[in-house]
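One-letter residues, chain by chain:
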Amino acid sequence: MSTRLYLLQRMSAMVLAPLVLIHLAVILLAVQDGLSAAEILGRTRGSLLWGGFYGLFVVAASVHGPIGLRTVIREMTPWRGRALDLTMALFGLLLLGLGLRAVAALVLP
Amino acid sequence: MLTTESPAKDADTLQVAIWRGGTEGRFQTYRVPASANQTVLDVVTWVQRYLEPALAYRFACRVGMCGSCAMTVNGRPRWTCRTHVAKVARAGRIEIAPLAKLPIVKDLVVDMTIFFEKWQRARGAFVPTATRHQPTAKVAPHSPGRRAVDAGIECINCAVCYAACDVVTWRPDYLGPAALNRAWTLLNDERDGDPDGIIAAVSDDAGCHNCHSHQSCTEHCPKQLNPTAAIAGLKRASLMALLKGGRP
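Everything quoted here is computed from the prediction, not taken from an experiment.

1. What about the overall build of chain B?
So, point 1. What chain B contains, in helices and strands, is 10 helices and 7 strands.
So, point 2. With respect to the three principal axes, the spread of C-alpha positions in chain B is 65 × 40 × 25 Å.
So, point 3. Scored against the burial criterion, the 248 residues of chain B give a buried share of 40%.
So, point 4. Here the contacts in chain B between residues at least 6 apart in sequence split such that 64% fall between residues at least 24 apart.

Okay, structure coming up:
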């Protein structure tokens, strides 16, 4: 279990590192060019590239975040055990659901 | 014996605050003659011999081999027999406390039971593959395994790394750097008969994956070992075992 979580945490971090940098760069470029929300949606709607990019981002973040949060909670509070693991799994699903909903709003026509 | 926090009167005198009692104890201050090449253990011994016969502390070899004299000196875990006063005294003052993260028995003596139990839990006991009646194993001195063992084998079990480890503070059940370093040396020992058992032991909930690589263990180790590197090696080995279909 520990080794599997460790592997998932490291692999999701490897995926997230470049995606976060690209995400930040895109934000800076979009703001500098003064794109409106409608113009941004015009570029993202129907785009497989942006759908895939942010879909992967959301999946990696919803794997990475709960594992890290579980570690922080276990180190900083007395909370342990199945209830914590289940709560973190639900937190991951919540992140996944909210994230994919946002991606759908970005790319679906 | 001093009971106030007045500064040391002259350069020939040290003002030494020593922890007395158990967990609920307090620091008591003593005045100790300073001398050249004096170690912190010399100071404690002087106090015990001339001022405080009931002072409890632990030592054996006095030459940095046995690992029994570790204490907290000015807030930092150190082997006291090889720590010169000149290196740690601040304006003629030293504060000496028992090693952190282990239960205090009395004064400067801590109960190291949990520390050694963790060695056992990390599969720190050698599992032989031969008996004494068989020829001695020939291990190539420059083989990668032997080199990895060499890098970590000089541990003296002093628990300085354990006392310095942040993760032990946050997770008291964490196996700790010394036990994991021991497991790493056994994993690289080609004579050991149960490497899978080591991987399973160090991959459990309190095992190597909890390490944050802060490197406090490496920073404080009096033998200049690198338990952080050993733990990183265990993480790699556990990942490889998992990817090869093992059971960590």
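Next comes the rest of the account.
2. Here's the deal with the overall build of chain A
So, point 1. For chain A, the helix and strand inventory stands at 4 helices and 0 strands.
So, point 2. Scanning chain A from its N terminus toward the C terminus, one meets helices and strands in the order α-α-α-α.
So, point 3. Taken over C-alpha atoms, the radius of gyration comes to 17 Å for chain A, far larger than the 13 Å a tight globule of 109 residues would show.
So, point 4. Each principal axis of the C-alpha distribution contributes one length, and for chain A these read about 50 × 25 × 20 Å.
So, point 5. Looking at chain A as a whole, 12% of its 109 residues are labelled buried.
So, point 6. Restricting to contacts in chain A with at least 6 residues of sequence separation, those with at least 24 account for 82%.

3. Concerning the interface of chain B and chain A
So, point 1. In this assembly, 12 residues from chain B lie in contact with 8 residues from chain A.
So, point 2. Examining the composition of the side of chain B that touches chain A, we find that 4 residues originate from one element, helix α10 (residues 227–243) of chain B, more than from any other.
So, point 3. Residue composition of the side of chain B that touches chain A, grouped by class: 4 nonpolar, 4 polar and 4 charged.

4. Some remarks on the sheet that holds strand β5 (residues 93–97) of chain B
Residue and element names in this part refer to chain B.
So, point 1. Strand order in the open sheet formed by 5 strands is β2-β1-β5-β3-β4, with mixed pairing between adjacent strands. The open sheet is flanked by β2 (26–33) and β4 (76–79), the only strands paired with a single partner. On average, each strand axis in the sheet is tilted by 35° relative to the strand beside it, whichever way the strands run.

5. Considering unusual backbone geometry
Residues and elements named next belong to chain B.
So, point 1. Of note in this structure, N74 is not a glycine but carries a positive phi near 50°.
So, point 2. Mapped onto the secondary structure, N74 falls in the loop between β3 (70–73) and β4.
So, point 3. Even without being a glycine, Q224 presents a positive backbone phi close to 55°.
So, point 4. Structurally, Q224 is set in the loop between α9 (216–220) and α10.
So, point 5. With 7 C-beta atoms packed within 10 Å, Q224 lands in the exposed category.

6. Quick notes on the nonpolar core
All names here are of chain B.
So, point 1. Residues I96, A159, L180, A183 and V202 are the most contacted members of the largest nonpolar core, which totals 65 residues.
So, point 2. Top element by residues in this core is helix α7 (residues 177–187). It accounts for 7 residues.
So, point 3. Built from parts of two domains, this core gets at least three residues from each of domain 1 (13–110) and domain 2 (113–243).
So, point 4. Apart from the residues lying within four places of it in its own chain, the contact partners of A183 are A122, R123, G124, I198, A201, V202 and L234.

7. Focus: the confidence of the model for chain B
So, point 1. When pLDDT is averaged across chain B, the result is 94; 94% of the residues are at 70 or more.
So, point 2. Segment residues 1–8 of chain B is flagged for pLDDT under 50; beyond a separation of four residues in sequence, or across chains, it makes 14 contacts in the model.

8. Describing the environment of F115(B)
All names here are of chain B.
So, point 1. Position of F115 relative to the elements: it lies in helix α3 (residues 113–121).
So, point 2. On the basis of neighbour count, F115 is assigned to the buried category, with 21 C-beta atoms found within 10 Å.
So, point 3. Along the chain, F115 and Y162 lie 47 residues apart, while their C-alpha atoms are 8.0 Å from each other.
So, point 4. Setting aside residues no more than four positions away along its own chain, F115 makes contact with L102, A159 and Y162.

9. A short note on α3(B)
Residues and elements named next belong to chain B.
So, point 1. Along α3, the positions that sit buried rather than exposed are F115, K118 and W119. One side of α3 carries all its buried residues, which in axial view fall inside an arc of 105°. Away from its buried face, by an angle of more than 90 degrees, α3 presents the exposed residues T113 and Q120.
So, point 2. In this fold, the buried residues of α3 make contact with α5 (160–164) and α7.
So, point 3. Following α3 by one or two positions, R123 has its phi on the positive side, about 60°.

10. Some words on the domain arrangement of chain B
Residue and element names in this part refer to chain B.
So, point 1. In terms of domains, chain B is made up of domain 1 (13–110) and domain 2 (113–243).
So, point 2. A C-alpha centroid distance of 29 Å is found between domain 1 and domain 2.
So, point 3. Taken together, the 14 residues of domain 1 in the interface contact 14 residues of domain 2.
So, point 4. Sorting the residues of the side of domain 1 that touches domain 2 by element identifies β3 and β4 as the ones contributing at least two each.
So, point 5. Broken down by element, the side of domain 1 that touches domain 2 gets its largest block of residues, 3 residues, from β4.

Thresholds applied
- Residues numbered from 1 in each chain as written.
- Chains lettered and ligands numbered in written order.
- Predicted model: local features only at pLDDT ≥ 70, side-chain atom pairs only at ≥ 80, totals over all residues.
- Helix = DSSP H or I, 4+ residues; strand = E, 2+ residues; numbered from the N terminus.
- Buried ≥ 20, exposed ≤ 12 C-beta atoms within 10 Å, placed from the backbone.
- Contact = placed C-beta atoms within 7 Å.
- Rg over C-alpha atoms; globule rule 2.2 N^0.38 Å.
- Nonpolar A, V, L, I, M, F, W, Y, C, P; charged D, E, K, R; others polar.
- Pairing = 2+ DSSP bridges.
- Axes fitted to C-alpha atoms, helices over the stretch in contact; angles between N-to-C directions.
- Core = buried A, V, L, I, M, F, W, Y, C linked by C-beta atoms within 7 Å.
- Domains from an automatic or database assignment.
- pLDDT = per-residue confidence, 0-100.
- Arc of directions from axis to C-beta.

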